[in-house]
Number of protein chains: 2
Amino acid sequence: MSRAPYVSFRVTPTGRRANAADIVAAVEREIAAGGLPTGSRLPPVRVLEQQLGLSKNTAQVAYDELGARGLVETRAREGVFVAAPMVGIAAAAPVTSPPLPIVRPPALMKPENHRGGLAIGTVFIDPELLPSEKLAECARAVLKQPGLATLYDPQGFAPLREQIATRLNARGIDCEPDEVIVTTGSQQALDIVARSLEIRRVALETPVYAYAKLLFETLGLATTGLRLDPFDGIDLAAWDRALATARPGMLYTITSFHNPTGYSYTTRELLGVLELCARHGVAIVEDDWGSDMLSGSEYRPMLRVLGGRNVVYVNSFTKKLLPSLRVGFAVADRAIVPSLLAMKRLATLGNVWLSEAVVAEFLARGYYDGHLAQLQRELDARYAACLTALAELMPPGVRWTTPGGGPTLWLELPRGVAVEAVVAAVARHGVIIDERSAAFVGEPHLTGFRIGYAAHPPETLARGLAIVADAIRALM
Amino acid sequence: MSRAPYVSFRVTPTGRRANAADIVAAVEREIAAGGLPTGSRLPPVRVLEQQLGLSKNTAQVAYDELGARGLVETRAREGVFVAAPMVGIAAAAPVTSPPLPIVRPPALMKPENHRGGLAIGTVFIDPELLPSEKLAECARAVLKQPGLATLYDPQGFAPLREQIATRLNARGIDCEPDEVIVTTGSQQALDIVARSLEIRRVALETPVYAYAKLLFETLGLATTGLRLDPFDGIDLAAWDRALATARPGMLYTITSFHNPTGYSYTTRELLGVLELCARHGVAIVEDDWGSDMLSGSEYRPMLRVLGGRNVVYVNSFTKKLLPSLRVGFAVADRAIVPSLLAMKRLATLGNVWLSEAVVAEFLARGYYDGHLAQLQRELDARYAACLTALAELMPPGVRWTTPGGGPTLWLELPRGVAVEAVVAAVARHGVIIDERSAAFVGEPHLTGFRIGYAAHPPETLARGLAIVADAIRALM
C-alpha cells in the first residue's frame, strides 16, 4: 500500500475480449475528457489484465504504445503514469464536497462518559458485583468449538431466545421463542418499537428514562407526560384526563424501579393503568429492566402478565450481567414480530453472534439465577446502608424514596433549594450529579435527582452523600 | 420461582419507619380499594421487612393481626394470601391491553433467510474463505485478560478506531481516530446518518442496495433514483438534470462493486459526480464495502479521497471478515461526529465490546492484509471461472458485466424474457434468485439479477448457472 493509488477507466464495450488497441483508445479518450489528469498512475499491468480477462502481455503492449505516443511514462518500481506535469489526481478534484446537512444532537444529551469524579446518580451497577470472570469462562467454552459461527440469526441466536422464553414462562409470561427478538440492549428494543409505530404520539411517565424520551422525539413522535410522584404514586384520575385529552397511541412505562425515580408500581396501580389503557385504546410497552433486581427470588406480576400478549415487554441483561455485552430483548405477540424484526434488520441487519452465544451459555449453565440472588443480596445491603447514611447525613426537609432495594432512589430537595446550585456546589468536590431536566416531559414537578447506591461501595457513597448534604445545608 | 407471584402495595408515607399497624392499615385499605383481589399472595415476611427496612418480626406481627381479622390466611409452605374465594390476581385484570398500532413491514423485504436452496445471487462470501479460526484465536487471546471488560465506548473500542484510522490514512484518507464511529455493520452506519439528516430527500443510484433504500424510506425520507447502467456507466448529464429537478440534500453511492450491479466507478466518473454534487449542494455518503475486495493489493482513490473530509465514508468488516461479528464503521468530519454519535447512542447506546476487541486484535496482529490478499486471489479465480461458465452456458442475447473481481456481477436477460419467469423456473430446480425489484427507485430499467460467485465453489456455481441458462433458453 506504499504506492500511489491508481486511476481506473473503462476500456471496452461488452461482446468481445478487449485488445491492446482498445486500451490505447480508452486511455486517449479518458485523457482528452479530463478523466486522467497528468501524473495519474495507471493500473498495474497485472491488475488490468486480470480485471479485463486479457491475454497475457496485452496490457504491457498497450502501455508501450501509449508511452511511444508520449501519453504515459513508466517510472521504475513506481508504475505507469499519465505524462507531463507532476500533479496527483487528488489535486484534480474540482471542488470540495458539501457538508452533510444534519440536525444538532438533542440539547439535553449528556456527554458520553463521566470521567474523574464520583457519579452519585448512575444506574450502573458496580463492576465488582458483575460476573465478568464467569462470562469470560462461558466465552472460552463457546470458543472451544472450532472457529466462530459465520452467520447470525437476524432475530437473535435461537438457543438464547429459547432460554429467554423459558425464563419468562416461569414468571407467568405466556410467550414462545419466536416471539422473542434479541436486541442490542433494551435501547434497540425501544428503537425498533418506536420506528414501527403508525401513530404519532406516545405517552410516557414524567420524569422518565431520558434516552427513551429523546429517542421518541428524534424519530418525530410527540410525547405526552403522565406525572409520576415517587412519594405519592400514580394519580390515576389525572392520567385518565391526560390520556383523554392527548389521545396517545402508546404508553411507554417502567413498572419496577422506575428510572429515574426508583418507584415500583403497586399491583393496584398496574391494574388501574391497564384499565385506563384499555378504555382509551392505548397500547402498552413495558420496560422491565428493574424487577430482576428485586430481592426475594420471586417476582411481582408485571403488566405483561396482567394485561396479556398485546403488552410489548422489554428487558435486558446489560445492566445486571455486563454492560459491554449489549444483549437485551423485546417480547411481542407473533402478529407484530415481522414488523419489529423488519425494523431491526433495517437498523443493524442482526447483532453479534458471539455476545448472544455467551449469554446463552451463561443461562444454560444455570449461572444467572445464582448471580441474581447474590446481586440482590448485595444491592439490599447497599440500599440499607444508603438509607442509614441518608438518615444520618441529610438536613431536615430533604426527602427520599424507599424503593425497597434495587439500584437507585430519588432524593428530593427542600423547597427553595435549586438542583442546579447543588450540582454546581458538589462538582467542586468531585461529586457528579446527573441533572435530570432531560427526564421530564415539560416542566419538572420534582426538585431532586437520582442516587445510585448500586454503583459504589457504601463507604464511597456515604462520602459522596456527606458532600451533597453539606451543599444542601449551605443552600438552605 | 415455583410459587405464585405476590402483589405489592404501598405501606407508609415517608418520614418515619413503618410499624405493624401501618401494614395492617395499608392492607385493609388496599383490599377495600380493589388492589388486592381475593386469593392474591402477599409479599413474604422477609421480603416485606427488607423492602421497608422494618425491624425484625414487624411484618409477621402485622400478618398475624390481619389473619386474626379474617383478612388474610396463611397456607403452609405457600405464603400469606388475601382471604376468601380462590382467585388469582391475573384473573382480576380488567381487560386485555390493546395491540400496538404498527406499520406493516416494507412489502419488498425478503424473508430473513434462504434455506435449502442454491442462492445464486447472494453477496455473502463463502464461509470457507473467511478466517473464522484465526478470529477465534484472536478471541481467545482477548479472553486471556482476566474477565471481560465491563463497559464499552459509545463511539467504539478506541484501539479499533485507531487501527481503522491508520489503515485509512495509508489509503489516502485524512482522518483521525476520533472521526471514526464503529457501528453494528455498515447498516447501522447508514441508519445513524439517515436519522441525523435535516433534509427530507436523498438521491440514490437505481438500482441500489435495497436495504439502504428501504431504511431511508421507513425513516420518512423521499428518494430520487439516479440511473446506473452497469454496461454503459454513469450518464452524468442525466444525473445533472435529475439533481437539478429533485434537489436532494444527499447522495448515497456505492462506488466500488456497486450493489447489486457489481459496477465500479471510473475515476473520471468519480470526479464528475463530485463536480455535480458540489454544484447542486448535495452532500455525499460513500459506501465503500467493495474496494477491499479488488485484487492487486493497492486501491483506487475513493470519493472520500477525491472530495475531501465532508464526504462521509462507510465501510465494514462484516462481509470480508465474518458476518456474525457485525463490525462496520463510519468516518465523518469532526464537526458532525457529535450528531452521528448521538443518534448511535439513541439507537443502541453502544455496541458489543468483545466483537470490537476481536477485530482490533485481528488487525493488530497484521492478519487482515494477509487475509485480504488471499481472499482477493480466491475471488479473482472464482470471477474468472464464472466468466468462463457464463460464456459456455448462456444463450445469445444474455449479457453480463465484467466487474474485474469481487463478489458479484449483473446478468441481464434478453429482451422479452421476464425476470419473474426465470426466478420461478429455476426455483423448481432448487436455485434461488434474489428478485431485485426492491433495488430500483421507480420502474426498473434493467431486466436481470445479481450473480454471486464469491458465495459458491466454481463447480457449484456452474451447476446453478446451467439451470439458469436452461430456464432462459426455454423462455426465449
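Reading the values: the criteria
- Residues numbered from 1 in each chain as written.
- Chains lettered and ligands numbered in written order.
- Predicted model: local features only at pLDDT ≥ 70, side-chain atom pairs only at ≥ 80, totals over all residues.
- Buried ≥ 20, exposed ≤ 12 C-beta atoms within 10 Å, placed from the backbone.
- Helix = DSSP H or I, 4+ residues; strand = E, 2+ residues; numbered from the N terminus.
- Contact = placed C-beta atoms within 7 Å.
- Least-squares fit on C-alpha atoms with pLDDT ≥ 70 in both.
- Pairing = 2+ DSSP bridges.
- pLDDT = per-residue confidence, 0-100.
- Core = buried A, V, L, I, M, F, W, Y, C linked by C-beta atoms within 7 Å.
- Axes fitted to C-alpha atoms, helices over the stretch in contact; angles between N-to-C directions.
- Nonpolar A, V, L, I, M, F, W, Y, C, P; charged D, E, K, R; others polar.
- Parallel < 35°, antiparallel > 145°, perpendicular 65-115°, else oblique.
- Left-handed = near helix turned anticlockwise from the far one by under 90°.
- Expected span 1.5 Å × (residues − 1).

Here we look at helix α7 (residues 210-218) of chain B
Along α7(B), the residues that are buried comprise Ala210(B), Ala212(B), Lys213(B), Leu214(B), Leu215(B) and Phe216(B). Buried residues in α7(B) make contact with α12 (337-348) of chain A together with α6 (185-196), β5 (201-206), β6 (222-229) and β8 (250-253) of chain B. Just downstream of α7(B), Gly220(B) is the residue with a positive phi angle, here 85°.

Let's talk about the relation of the copies chain A and chain B
Two chain copies here: they are related by a rotation about an axis and a translation along the same axis. Of the transformation placing chain A onto chain B, the axial shift is 0.0 Å and the rotation is 180°, giving an RMSD of 0.1 Å. The symmetry that links the two subunits is that of a two-fold axis. Same-surface contact between copies: 98% of interface residues of chain A are shared with the interface of chain B.

Quick notes on unusual backbone geometry
In this model, Thr206(A) is joined to Pro207(A) through a cis peptide bond whose omega is 0°. Following the sequence through the fold, Pro207(A) ends up in the loop between β5 (201-206) and α7 (210-218). Asn259(B) connects to Pro260(B) through a cis peptide bond whose omega is 15°. Here Pro260(B) shows up in the loop between β8 and α9 (267-280).

With respect to the pairing of strand β4 (residues 180-184) of chain A
All names here are of chain A. Within β4, 5 of the 5 residues are buried, which leaves the element mostly enclosed by the surrounding structure. With 5 bridges connecting them, β4 and strand β11 (residues 327-331) associate as antiparallel partners. Each residue of the ladder has a partner; that of Val180, found in β11, is Val331.

Re the confidence of the model for chain A
For chain A, per-residue confidence averages 89 on the pLDDT scale, and 94% of positions sit at 70 or higher. Reported for the predicted complex are a pTM of 0.87 and an ipTM of 0.86.

Some words on the sheet that holds strand β10 (residues 312-316) of chain B
Residue and element names in this part refer to chain B. Pairing is mixed in the open sheet, where 8 strands are placed in the order β4-β11-β10-β9-β8-β5-β6-β7. The sheet is open, and its two edges are formed by β4 (180-184) and β7 (233-234), each paired on a single side. Of the strand pairs in this sheet, β6 and β7 are connected by 2 bridges, and their pairing is antiparallel. Across the sheet, residue Asp229 finds its bridge partner in β7, namely Gly233.

Overview of the nonpolar core
In summary, soluble globular proteins display a tendency toward joint burial of nonpolar side chains. Within the largest apolar cluster, 263 residues are counted, with the highest numbers of intra-cluster contacts made by Ala330(A) and Ala330(B). Those residues in contact with Ala330(B) that lie beyond four places of it in its chain are Ile181(B), Thr183(B), Ala189(B), Ile192(B), Val193(B), Val312(B), Val314(B) and Leu340(B).

Structural notes on the sheet that holds strand β6 (residues 222-229) of chain A
All names here are of chain A. Ordered by their spatial adjacency, 8 strands build an open sheet running β4-β11-β10-β9-β8-β5-β6-β7, and the pairing between neighbours is mixed. On the outer flanks of this sheet lie β4 and β7 (233-234), each paired with one strand and no other. Examined bridge by bridge, β5 and strand β8 (residues 250-253) share 3 bridges and lie parallel to one another. Directly across from Leu204, in β8, lies its bridge partner Tyr252. On the sheet, helix α8 (residues 236-246) packs against β5, β6 and β7 and is oriented at approximately 175° with respect to β6.

Description of the environment of Ala242(A)
All names here are of chain A. Tracing the backbone through its elements, the reader meets Ala242 in helix α8. In this structure, the C-alpha to C-alpha distance between Ala242 and Ile472, residues 230 residues apart in sequence, is 34 Å. Apart from the residues lying within four places of it in its own chain, the contact partners of Ala242 are Thr224 and Leu226.

Some points on the environment of Asp434(B)
Residue and element names in this part refer to chain B. Relative to the assigned elements, Asp434 resides in the loop between β14 (431-432) and β15 (448-452). Residues Asp434 and Ala278 lie 156 residues apart in sequence; the distance between their C-alpha atoms is 35 Å. In this structure Asp434 touches Gly121, Phe449 and Arg450, once residues within four positions along its chain are discounted.

Some remarks on the interface of chain A and chain B
Tallying the contact residues gives 130 residues for chain A and 128 residues for chain B. Considered class by class, the residues forming the side of chain A that touches chain B number 72 nonpolar, 40 polar and 18 charged.

Some remarks on the packing of helix α1 (residues 20-33) of chain B against helix α3 (residues 58-68) of chain B
All names here are of chain B. At a minimum axis distance of 8 Å, the contact between α1 and α3 shows a crossing angle of 45°. Here α1 is positioned oblique relative to α3, judged by the angle of their axes. You can see that α1 and α3 cross each other, and the crossing is right-handed. From α1, Ala20, Ile23, Val24 and Val27 reach across to α3, where they touch Thr58, Ala59, Val61, Ala62, Glu65 and Leu66.

Concerning α6(B)
Residue and element names in this part refer to chain B. Under the 1.5 Å per step criterion, the end-to-end length of α6 is 18 Å for 12 residues, consistent within 8% with the ideal 16 Å. For α6, the tally of buried residues reaches 12 of 12 residues, placing the bulk of the element in the interior. Burial in α6 covers these residues: Gly185, Ser186, Gln187, Gln188, Ala189, Leu190, Asp191, Ile192, Val193, Ala194, Arg195 and Ser196.

Looking at the pairing of strand β10 (residues 312-316) of chain A
All names here are of chain A. Burial analysis of β10 places 5 of its 5 residues in the buried class, which makes it a mostly covered element. Here β10 shows two buried faces, one formed by Val312, Val314 and Ser316 and the other by Tyr313 and Asn315. Both strand β9 (residues 283-287) and β10 contribute to a ladder of 3 bridges, which runs parallel. Bridge pairing in β10 links Asp287 to Val314. Inspection of the sheet shows β10 paired to β11 by 4 bridges, in the antiparallel sense. Across the sheet, residue Tyr313 finds its bridge partner in β11, namely Val331.

Regarding the packing of helix α14 (residues 367-393) of chain B against helix α16 (residues 458-475) of chain B
Residues and elements named next belong to chain B. Contact geometry of α14 with α16 gives a least axis separation of 10 Å together with a crossing angle of 30°. Judged on the interaxial angle alone, α16 and α14 are roughly parallel. Crossing of α14 against α16: the hand is right-handed. Contact with α14, carried on its side by Arg382, Ala385, Cys386, Ala389, Leu390 and Leu393, involves Pro458, Leu461, Ala462, Leu465, Ala466 and Ala469 of α16 and no other residues of that element. Partitioned by chemical class, the residues of the contact of α14 with α16 number 11 nonpolar, no polar and 1 charged.

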